[in-house]
Amino acid sequence: MPESKAFYVTTPIYYVNDAPHIGHAYTTTAGDVLARWHRQRGERVWFLTGTDEHGQKVMRTAEANGMPPQEWADRLVESAWLPVLDTIDASNDDFIRTTQERHTTRVQRFLTDLKDRGEIFEGSYEGPYCVGCEEFKLAGDLLDGEREFNGQKVCPTHGRPVETVSETNWFFRLSAYADRLLAHYEANPLAVQPPSAYNEVVSFLRSGLQDLSISRSTFDWGIPVPWDTAQVVYVWFDALLNYATAVGLDDDPGTPGAEQFAATWPADVHLVGKDILRFHAIIWPAMLMAAELPLPGQVFAHGWLLVGGEKMSKSKLTGIAPSQIVDHFGSDAFRYYFLRAISFGADGSFSWEDMSARYTSELANGLGNLASRAAAMIAKYRDGLLPAPGSYTEPELALQVLLGEVATTADDAMLRLEFSTSIAAMKSFVDAVNLYVTEQAPWVLAKDEANDERLSTVLYTICESLRAMAVLYHAVMPKATESMWEQLGAEAALGTLGSQDVTDVGRWGQLPAGVTITKGMNLFPRLEETAD
Ligand code: MSP
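Residues numbered from 1 in each chain as written. Predicted model: local features only at pLDDT ≥ 70, side-chain atom pairs only at ≥ 80, totals over all residues. Heavy atoms only, no water.

**Q** So what about the overall build of the protein? Which residues, and what values?
**A** Counting its secondary structure elements, the protein contains 20 helices and 18 strands. Dimensions of the protein along its principal axes, counting C-alpha atoms only, are 90 × 60 × 40 Å. Residues counted as buried form 56% of the 532 residues belonging to the protein. Sequence-distant contacts in the protein: of pairs separated by 6 or more residues, those separated by 24 or more amount to 76%. In the form shown here, the protein has an accessible surface area of approximately 21400 Å², with 51% of it arising from carbon and sulfur atoms. Across the protein, the mean location of the 42 positive side-chain charges is 2 Å away from that of the 71 negative side-chain charges. (Helix = DSSP H or I, 4+ residues; strand = E, 2+ residues; numbered from the N terminus. Buried < 20%, exposed > 50% of the residue type's maximum accessible area, 1.4 Å probe, protein only. Contact = heavy atoms within 4.5 Å. Areas by Shrake-Rupley, 256 points an atom, 1.4 Å probe, with all protein chains shown as cover. Lys, Arg positive; Asp, Glu negative; His and termini not counted. Charge placed at Lys NZ, Arg CZ, Asp CG, Glu CD.)

Next up, the structure:
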């Protein structure tokens, strides 16, 4: 029996011209949280990330470093792009590199197929080209340069002068797809999100499309065009195909590749930064339409991490390495902060002050403190064993209702990629339980044996709430929640944390009385304890 189709989420593949900064890690973190959440809904998930290694940008960087481009790419992937996945705890199922044979051969096959279908023709073109974007620009896209670039036209994203590129090469009949793409987006408004991105794509399509030059003859760092090996495939045409080549595009029926393709394609969500929206929402689906392949479910364009009001970038020397933040705050706090503090889709600024403030108030004083207080009280009043609750009263019943609501809100928001809304819902539950602890004051109840049953009810309620928090927060903060699960002694009774179904998290009373609760490590140590 064929496998059910996986929930398939992708990040862009990253240029290996430099090491990752937190802007790149931001996209991967979002993809990872989404992947983990869907796994915890019991879905089969495929989460892909990787590197984009061809093109002039990478080639020139390699040259500037005195290295052949393949060697340069190998070095960067090994020393920077793979390690950053560990740094941020990414749980990707695959990592594709565009120099891998599985990719290059499938790209060539795809291209040959498009040519056979009459979608590719020979032509010539001259126009402004930005190597930073690896894109031909329209004159109207460019800005007038200032200071050292006075008198030149510059790219609005990179702030650097464009070059004039003139080529006789191969073209893809992109212009033929404007109406079909428009019809597709009109029928599927969720196919590009958020709404600002949707509007941008639709209005761009309404202005019509030009055919796209898809090969280059002036340099050779790329995949050879199969029928004209003096040319290499345009880097974006090559790169976009990674999403399909990684899961077996065009493999012969009956092969493992074909089976994987059938069980994975189309992608459910392509996560991209807003700077690369048009490639993903226009060129990519047109390529798929031309090959008569199913279109992705959604392209979601997130905003930029800004520094001083501009996109963070290595070329502008404003890049912060993820490890700088993770070494100080830990990977969980990194993941939490960026998805909680910035509404996904909008731009956001990173500041150490804001991150420290949220770390302290929401993680250390909020969740962390609750978990350690609970363990301390169970140790002190119940010798480390979780008591059975007595009868519930109004405050407990209110918390149980709230948990149900929070679970629904968190799930709905996560499915819409509204990470900050989802996390805010989880946090509202933590706040409510913290308030409950203060109001019920178990340390006062403990002074009088007559309150024994009441004390058990309160202690059980706190620990069962922590059980739910561990399940809800697991996708966002995998490490801290694993510690919580261990402290709660939950695994023997309930199974692994990763196997807990987020859609069932609100069912009260899952943590059985009698489990041993231990005081583990502080989940979110005070910053002065970790400062260098
Ligand atoms: N190689 C192309 C993508 C090809 S996908 C078929 C590329 N690579 S990139 O390394 O320049 O950027 C990859 C992703 O990182 C993009 O989604 C981009 O938006 C994101 N970011 C790069 N800088 C960023 C910020 N300052 N903030 C948020 N995301 C940023 O484009």
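**Q** Before we move on, can you summarise the packing of helix α5 (residues 178-187) against helix α10 (residues 277-290) with the specific residues and values?
**A** Look at α5 against α10: their axes get within 10 Å of each other, and the N-to-C directions meet at 105°. Overall, the two elements α5 and α10 adopt an arrangement that is roughly perpendicular. On the side of α5, the interface is formed by Arg180, Leu181, His184 and Tyr185, while α10 contributes Ala281, Ile282, Pro285, Ala286 and Met289. Among the residues making up the contact of α5 with α10, the classes are represented as seven nonpolar, one polar and one charged. (Axes fitted to C-alpha atoms, helices over the stretch in contact; angles between N-to-C directions. Parallel < 35°, antiparallel > 145°, perpendicular 65-115°, else oblique. Nonpolar A, V, L, I, M, F, W, Y, C, P; charged D, E, K, R; others polar.)

**Q** A description of the site of the ligand should follow, citing residues and the corresponding values.
**A** Not every one of the 24 residues close to the ligand is listed here, only the nearest: Ile13, Asp52, Gly273, Asp275 and Leu305. A distance of 3.3 Å separates a nitrogen atom of the ligand from a polar backbone atom of Gly23. For the shell around the ligand, the secondary-structure elements that each account for two or more residues are β1 (7-15), α1 (22-39), α7 (235-240), α8 (242-245) and β14 (269-273). The leading source of residues in the shell around the ligand is β1, at four residues. (Near = heavy atom within 4 Å. Polar contact = N/O pair within 3.5 Å; in protein donor to acceptor, adjacent residues only side chain to side chain.)

**Q** Break down the pairing of strand β8 (residues 163-172) for me, citing the residues and quoting the values.
**A** Strand direction decides the pairing type here: strand β4 (residues 120-130) and β8, joined by 10 bridges, are antiparallel. Residue Ser124 lies in a different strand from β8, and its bridge partner there is Thr168. By the bridge criterion, two bridges tie β8 to strand β10 (residues 212-213) in an arrangement that is antiparallel. Counted as the bridge partner of Phe172 is Leu212 from β10. (Pairing = 2+ DSSP bridges.)

**Q** Give a description of the pattern of salt bridges that names residues and reports values.
**A** Evaluation of the coordinates by the stated rule reveals 30 salt bridges. Residues Arg75 and Glu71 are paired through a salt bridge, measuring 3.8 Å at the closest nitrogen-oxygen approach. Highlighted residues: Arg75 and Glu71, both in helix α3 (residues 69-87), separated by four residues, approximately one helical turn. Look at Arg75 and you get partly exposed, because its relative accessible area is 47%. Residues joined in a network through salt bridges with shared partners are Asp32, Arg36 and Arg335. (Salt bridge = Lys/Arg side-chain N within 4 Å of Asp/Glu carboxyl O.)

**Q** How would you summarise the UniProt feature "domain: Methionyl/Leucyl tRNA synthetase" (unreviewed entry) in the protein if you had to cite specific residues and measurements?
**A** UniProt's entry tags residues 7-374 with the feature "domain: Methionyl/Leucyl tRNA synthetase" (unreviewed entry), counted in the numbering of this structure. Overall, residues 7-374 shows 43% helix and 21% strand. The separation of its end C-alpha atoms is 37 Å. (UniProt positions renumbered as here; feature names shortened; annotations may be inferred.)

**Q** Account for the layout of surface pockets, with residues named and values stated.
**A** The space that makes up the second largest pocket amounts to roughly 410 Å³. Lining the second largest pocket we find 16 residues, and of these Arg147, His158, Gly159, Arg160 and Lys316 sit closest to its centre. Looking at the lining of the second largest pocket residue by residue, the class counts come to five nonpolar, four polar and seven charged. (1 Å grid on protein atoms, 1.4 Å probe; cavity = no way out; pocket = protein on both sides within 12 Å on 5 of 7 lines; lining within 4 Å. Points joined across faces, edges and corners; volume = space filled by probe spheres on them.)

**Q** Outline the environment of Ala375, listing residues and values.
**A** Residue position: Ala375 is located in helix α13 (residues 352-382). Sequence-wise, Ala375 and Val192 are 183 residues apart; in three dimensions their C-alpha atoms are separated by 46 Å.

**Q** Quick one: what's the story with the nonpolar core, residue by residue and with numbers?
**A** Formed by 178 residues in total, the largest nonpolar core has its most connected members in Phe172, Phe237, Trp265, Phe338 and Met469. Considering every element that reaches this core, the biggest residue donor is helix α17 (residues 452-473), with 13 residues. Leave out the neighbours within four places in its chain, and Phe172 touches Leu114, Glu119, Phe121, Tyr177, Asp211, Leu212, Ile214, Phe237, Ala286, Met287 and Ala290. Counting residues in hydrophobic clusters, the runner-up holds five residues, among them Cys130, Cys133, Cys155 and Val162. (Core = buried A, V, L, I, M, F, W, Y, C linked by side-chain atoms within 4.5 Å.)

**Q** How would you sum up helix α15 (residues 419-440)? Please name residues and give values.
**A** The first and last C-alpha atoms of α15 sit 32 Å apart over 22 residues, in line with the 32 Å expected at 1.5 Å per residue. Following α15 by one or two positions, Ala441 has its phi on the positive side, about 40°. (Expected span 1.5 Å × (residues − 1).)

**Q** Could you give an account of the side chain of Glu119, with specific residues and numbers?
**A** Structurally, Glu119 is set in the loop between α4 (101-116) and β4. It turns out Glu119 is buried and unbridged, and the closest side chain with the opposite charge, Arg173, is 5.0 Å from it. Here Glu119 is in contact with Leu114, Phe171, Phe172, Arg173, Tyr177 and Ala290, once residues within four sequence places are set aside.

**Q** Describe the sheet that holds β4, with residues and values.
**A** Spatial ordering of the open sheet is given by β5-β4-β8-β10, a layout of four strands whose pairing is antiparallel. Since the sheet does not close on itself, it has two edges, and those belong to β5 (135-136) and β10, each with one partner. Here two bridges tie β4 to β5, and the two strands are oriented antiparallel to one another. Paired with Tyr129 across the bridge in β5 is Phe136.

**Q** Give me the lowdown on the pairing of strand β2 (residues 45-52), citing residues and values where you can.
**A** Within β2, seven of the eight residues are buried, which leaves the element mostly enclosed by the surrounding structure. Here β1 pairs with β2 via seven bridges, running parallel. Considered in β2, the bridge of Ile13 is made with Gly50. Handedness of the crossover is the feature at issue here: the chain leaves β1, passes through α1, returns alongside β2, and the resulting connection is right-handed. In this structure, β2 lies alongside strand β3 (residues 94-97), joined through four bridges in parallel fashion. Within the sheet, the bridge partner assigned to Gly50 lies in β3 and is Ile96. (Right-handed = clockwise from strand over helix to strand, strands pointing away.)

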